[in-house]
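Structural overview
Okay, here's what each chain looks like letter by letter:
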Amino acid sequence: MENAKVLIAARTAQELNDGDVVNLGIGLPTMVPDYLPKGIHVVLQSENGIIGTGPKPTAENADPAHMTDAGGQPAIAAPGGAYIDSAVSFGLIRGGHVDCTILGALEVDQEGNLANWIIPGKKVPGMGGAMDLVVGAKKVIVAMEHTSKGSLKILKKCRLPLTAVKCVDLIITEMAVIRVTPEGLELTEYNPEFTAEQIQAATEAPLIVKDGLKKMAVAL
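Cut-offs and rules
Residues numbered from 1 in each chain as written. Predicted model: local features only at pLDDT ≥ 70, side-chain atom pairs only at ≥ 80, totals over all residues. Heavy atoms only, no water. Helix = DSSP H or I, 4+ residues; strand = E, 2+ residues; numbered from the N terminus. Rg over C-alpha atoms; globule rule 2.2 N^0.38 Å. Buried < 20%, exposed > 50% of the residue type's maximum accessible area, 1.4 Å probe, protein only. Pairing = 2+ DSSP bridges. Right-handed = clockwise from strand over helix to strand, strands pointing away. Polar contact = N/O pair within 3.5 Å; in protein donor to acceptor, adjacent residues only side chain to side chain.

A few words now on the overall build of the protein. Counting its secondary structure elements, the protein contains 4 helices and 15 strands. Taking 2.2 N^0.38 as the reference for a compact globule, 220 residues should give roughly 17 Å; the C-alpha atoms of the protein span a radius of gyration of 17 Å, in line with that estimate. Along the three orthogonal principal directions, the C-alpha set of the protein runs to about 50 × 40 × 30 Å. Burial statistics for the protein: of 220 residues in total, 44% are counted as buried.

Shown next as structure tokens:
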């Protein structure tokens, strides 16, 4: 689907409240602040040591040898923000002071288990702060494309090594908004470009559909 990532980012931005402390995963989640509704301002936290992360610095302001985000990209603190050491940063996370973390996933399953850090046999630097974030943040949103080159990503049970168990609250894709409940995955919103049957066909886990199913409303 054309502009799938933009749609996902814009819909995810609607989940944030004014004043929220938010941690963004690398990739698609970093697009979310570009689509915040009018009047909504959030404090971006980077687990490697920035609270109040600013916009991407210009080439003149960037200092990649000393200041990067958790993904290794040049970063700066916004006015009023601060650079903190990683112990303080993870104290904020583990202490429950992060309102929401938004991250991508390789797989999510019907119990809210998350696999987002390794494909066996491929070299990766590690899971980073994700395992702390998904158990420390008050709300965990997975923002990702619904499938990957035809492979299903929303499963009955994750097959890849887990980042954490039963941690995901909400899944937002270009096809749907799906809430993780004790009974399973509930389809709460659908992109009108797809039918509920098409969404289910692209999802291995069974979807619960209740009265009041809504269309995804995103102003781009």
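All right, on to the pairing of strand E14 (residues 184-190) then. With respect to burial, E14 is a largely interior element, 5 of its 7 residues being buried. Both strand E13 (residues 176-181) and E14 contribute to a ladder of 6 bridges, which runs antiparallel. Note on E14: the bridge partner recorded for Thr181 is Gly184. Between the antiparallel neighbours E13 and E14 lie 2 residues. Pairing analysis gives 5 bridges linking E14 to strand E15 (residues 207-215), with the strands arranged parallel. Of the residues in E15, the one forming a bridge with Leu185 is Leu207. For the crossover from E14 across helix H4 (residues 196-201) to E15, the handedness is right-handed.

This paragraph deals with the sheet that holds strand E7 (residues 114-115). Across the sheet, 3 strands lie side by side as E7-E6-E11; this open sheet has mixed pairing. What marks the edges here is a single partner per strand, and that holds for E7 and strand E11 (154-155). Judged from the 2 bridges that link them, strand E6 (residues 107-109) and E11 form a sheet pairing that is parallel. Bridge pairing in E11 places Asp109 opposite Leu155.

Attention now moves to the environment of Asp169. With respect to the helices and strands, the residue Asp169 is situated in the loop between E11 and strand E12 (170-172). The exposure class assigned to Asp169 is partly exposed, which follows from its relative accessible area of 32%. Distance in space between the C-alpha atoms of Asp169 and Ile40 is 21 Å, their sequence separation being 129 residues. Among the polar contacts made by the side chain of Asp169, one reaches the main-chain amide nitrogen of Val140 at a distance of 2.8 Å.

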